[in-house]
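# Geometric and topological summary
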Amino acid sequence: MPESRCLQGIWSSPWIFIFAASGSAVGLGNIWKFPYLIGENGGGAFLLIYCACLLLVGLPILMAEVALGRTVRSNPIDTINDLSERRVIHRFWVVVPWIAGLTGFLILTFYSVIAGWSIGYFERAISGDFVNISQADAASMFDRLLASPGEMLLWNSIFVGLVVLTVGQSVTRGLAALVRILLPVLIVVMLILAGFSLEEGEALEAIHFLFRWSWQDITFGVVLSAIGHALFSLSVGMGAMFAYGAYMSKRMSIARACSAVVAIDLIVSVLACLVIFPLAFAFHIDLDSGPSLAFVSLPIIFGSLPAGQLIGGFFFLLLVIAALTSAISMLELFVAWLHEKFYIARFKAALLLGGAIWFVGIAVLLSFNHWDRKVLFGLNFFELLDQLTSLIMLPLGAILLSVLVAWFIPRTVLRNEMITRQVSHFKIWYGVLKYISIPVLIVITVAGWIGV
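Residues numbered from 1 in each chain as written. Predicted model: local features only at pLDDT ≥ 70, side-chain atom pairs only at ≥ 80, totals over all residues. Heavy atoms only, no water.

### Some words on the overall build of the protein chain
Rule in force here: A run of DSSP states H or I qualifies as a helix once it reaches four residues; a run of E qualifies as a strand once it reaches two. Both are numbered from the N-terminal end. Between the two quantities, the radius of gyration covers C-alpha atoms and the globule rule is 2.2 Å times the number of residues to the power 0.38. Remark: exposure states derive from per-residue accessible area (1.4 Å probe, protein chains only) relative to the maximum for the residue type, with buried under 20%, exposed over 50%, and partly exposed in between. Residue contacts follow a heavy-atom distance rule, with two residues in contact if any of their heavy atoms lie within 4.5 Å. Using the Shrake-Rupley algorithm and a 1.4 Å probe, accessible areas are obtained, with residue cover drawn only from the displayed protein chains. Positive charges are assigned to Lys and Arg, negative charges to Asp and Glu, while His and the chain termini are left out of the count. To locate a charge, take NZ of a lysine, CZ of an arginine, CG of an aspartate or CD of a glutamate.
Looking only at helices and strands, the protein chain features 18 helices and 0 strands. Relative to a compact globule of 452 residues, whose C-alpha radius of gyration would be 22 Å, the protein chain shows 21 Å and is just as compact. For the protein chain, the C-alpha atoms occupy an extent of roughly 65 × 50 × 45 Å along the three principal directions. For the protein chain, with 452 residues in total, the buried portion stands at 59%. In the protein chain, 82% of the contacts between residues at least 6 apart in sequence involve partners at least 24 apart. For the protein chain, the exposed area adds up to about 17,700 Å²; of that, 67% sits on carbon and sulfur atoms. A gap of 19 Å separates the mean positions of the 25 positive and 25 negative side-chain charges of the protein chain.

Shown next as structure tokens:
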């Protein structure tokens, strides 16, 4: 008997799912955020804890989200409704996909603005604006961008438009076709840039900083930062993997596919550090300079290199590609739901949601200039959205989804999804999810809420 098919389509091969899920996981968080988090949190100590978090928290929860998505072969909201109507679970759990979808939607409202910065800096790089640029000029360039709502709106509009055009297509013609091309291109370009950086920069010093660690470098703050970034980096808790799981063939092993996704996510993060750190050490750039590392410090480096115009252009093109592959997954949950529930064409659904994201994005970009005033809790609008999603909604969605799978979905249902091929491996995954991933996630999340 042929397997049931999702209305949106089915990934044609395991590698298409891996590329799509990896594209969702690999984003600005890997190339822009991960290197400065490494710099702020002691280098190798953060990398070590991050790997442990991926293995013990991120991977089990990722597998749970994909498995839940594949149970009914529908969008996440209707999947939970279907399971509740069959009395498999209580109707209360419908809050899970709504929290996940809303989290992705809100993140995309400011994620698209930052992605727009990458488009703007790609244009500056290929135009030669980085050539022989000084520290003061680089800082001034970034400040001028933030002070220009018109320019930010232009780049943001272009980025949101690209996301809408991609998601508006069918799964096979849009998502699958894009990630089949972009993800391999991203990895190949990163390998080239990393090779150049290691050759031209301080390779030994960078490798020493990235991989060496000591016990005194491991603090609760490092653990908190690592686990938070692991969830964000894997797109866990935003419903993206939930939706992508519905398009996954029943013949695919969830454990193998998700392990490949985690491996690709980690490889890209480490490659990003190998692109940035050798050059940063060679030019005496502070690695703990935070979010400005990519948009202030790196242009100075690129402007001083013989091939800096080309290298800088490639780097910011990477940021755009990574942001695009992640952004399309954040929009997919609600696009699939509107398409299946109300029979709205995918492109129209994507256009409606993209328009809403673009509109909220105006308030976000204005919070960097004309509306840079405190809205609530001493935070402006951008800071409020960032804190709300990263500290509350994202971990809350991941916790609820994990608890649902581990404690309320019958084990027979999960076994039927062929999460792993071996019964013993299934028991290990189930035990780790239930007794390690969920408790650790709850403790870290509560600690973050109370400011420990």
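### Focus: the confidence of the model for the protein chain
The condition is simple: The quantity called pLDDT is the predictor's confidence in a given residue, expressed from 0 to 100.
When pLDDT is averaged across the protein chain, the result is 85; 94% of the residues are at 70 or more. Of the regions scoring below 50 in pLDDT, residues 1-5 engages in 8 contacts with residues more than four places distant in sequence or in other chains.

### Considerations on unusual backbone geometry
Its identity is not glycine, yet H284 carries a phi of approximately 55°, on the positive side. For H284, a relative accessible area of 72% translates into the label exposed. Even without being a glycine, Y343 presents a positive backbone phi close to 60°. Classification of Y343 as exposed rests on a relative accessible area of 71%.

### Considerations on the pattern of salt bridges
Heads up, the rule is: Any Lys or Arg side-chain nitrogen located within 4 Å of an Asp or Glu carboxyl oxygen qualifies as a salt bridge.
Scanning the model with the defined rule gives 3 salt bridges in all. Residue D82 pairs with R86 through a salt bridge whose shortest N-O separation is 2.9 Å. Judged by relative accessible area, D82 falls into the partly exposed class, the value being 25%. Among the ionic pairs, R124 bridges to E151, the shortest N-O distance being 2.8 Å. Here the residue R124 occupies a position in helix α5 (residues 95-126), and E151 occupies one in helix α7 (residues 149-167), the gap between them amounting to 27 residues. Assessed through its relative accessible area of 10%, R124 is described here as buried.

### Here we look at the packing of helix α3 (residues 44-72) against helix α16 (residues 381-408)
Selection rule: Note on geometry: axes are lines fitted to C-alpha atoms, helical ones only across the stretch in contact, with angles between N-to-C directions running from 0 to 180 degrees. Throughout this description, any angle smaller than 35 degrees is read as roughly parallel, any larger than 145 degrees as roughly antiparallel, any in the 65 to 115 degree range as roughly perpendicular, and the remainder as oblique. In this scheme the crossing of two helices becomes right-handed for a clockwise turn of the near helix relative to the far one and left-handed for an anticlockwise turn of less than a right angle. Gly is placed with the polar residues, together with every amino acid not listed as nonpolar (Ala, Val, Leu, Ile, Met, Phe, Trp, Tyr, Cys and Pro) or charged (Asp, Glu, Lys and Arg).
In contact at an axis separation of 10 Å, α3 and α16 are set at 70° when each is read in the N-to-C sense. Comparing their axes, α16 and α3 come out roughly perpendicular. The two elements α3 and α16 cross, and the hand of that crossing is left-handed. Taken together, the residues of α16 that come into contact with α3 (itself represented by I61, A64, E65 and L68) are A398, L401, S402, L404 and V405. Looking at the contact of α3 with α16 residue by residue, the classes come out as 7 nonpolar, 1 polar and 1 charged.

### A few points about the side chain of T445
Put simply, the test is: The definition of a polar contact used here is a pair of N or O atoms within 3.5 Å, where within protein one atom must be able to donate a hydrogen and the other to accept one, and adjacent residues in sequence count solely through side-chain atom pairs.
Take T445: it is sitting in helix α18 (residues 423-450). For T445, a relative accessible area of 7% translates into the label buried. One polar contact links the side chain of T445 to the main-chain carbonyl oxygen of L441, over a distance of 2.7 Å. When residues no more than four places from it in sequence are discounted, the contact partners of T445 are L391, P395 and I399.

### Examining helix α12 (residues 254-282)
Residue pairs spaced three or four apart in an α-helix point in one direction, given the helix's 3.6 residues per turn. Counted only if it meets this: Under the convention used throughout, the expected extent of a helix is 1.5 Å for every residue step, that is, one less than its residue count.
Taking 1.5 Å as the rise per residue, α12 with 29 residues should run 42 Å; its terminal C-alpha atoms sit 43 Å apart, in good agreement. Of all 29 residues in α12, 23 are buried, a share of seventy percent or more. Of the residues one or two after α12, H284 is the one with positive phi, at around 55°.

### Things to note about the packing of helix α9 (residues 203-211) against α12
Between α9 and α12, the least distance of the axes is 8 Å, while the angle of their chain directions is 130°. When the axes of α9 and α12 are compared, the pair comes out oblique. The chirality of how α9 crosses α12 is right-handed. Packed against α9, whose contacting residues are A203, E205, A206, I207, F209, L210 and F211, the element α12 presents V270, C273, L274, F277, P278 and F281 at the interface.

### What to know about the environment of A363
Tracing the backbone through its elements, the reader meets A363 in helix α15 (residues 346-366). What makes A363 buried here is its relative accessible area of 17%. The spatial distance from the C-alpha of A363 to the C-alpha of F381 is 7.3 Å, given a sequence separation of 18 residues. Residues in contact with A363, not counting those within four places in the same chain, are W371 and F381.

### A few points about a nonpolar patch on the surface
The test is simple: Note on patches: the residues involved have over 30% relative accessible area and no salt bridge, like charges join within 9 Å, and the nonpolar side chains Val, Leu, Ile, Met, Phe, Trp and Tyr join within 5 Å.
Taken together, the side chains of L55, L56, W407, F408, Y435, I436 and V440 present a nonpolar region at the surface, about 700 Å² in accessible area. Among the elements of the structure, α3, α16 and α18 are those that each provide at least two residues to the nonpolar patch. The dominant element in the nonpolar patch, judged by the number of residues it contributes, is α18, at 3 residues. As for its position among the elements, V440 is in helix α18.

### Some thoughts on the nonpolar core
What counts is decided by this rule: Among buried residues, those of type Ala, Val, Leu, Ile, Met, Phe, Trp, Tyr and Cys that are joined through side-chain atoms within 4.5 Å constitute a nonpolar core.
Counting residues in hydrophobic clusters, the biggest one holds 170 residues, and the most contacted among them are I31, F315 and W429. Leave out the neighbours within four places in its chain, and F315 touches I31, L193, V275, I276, A294, L298 and F302.

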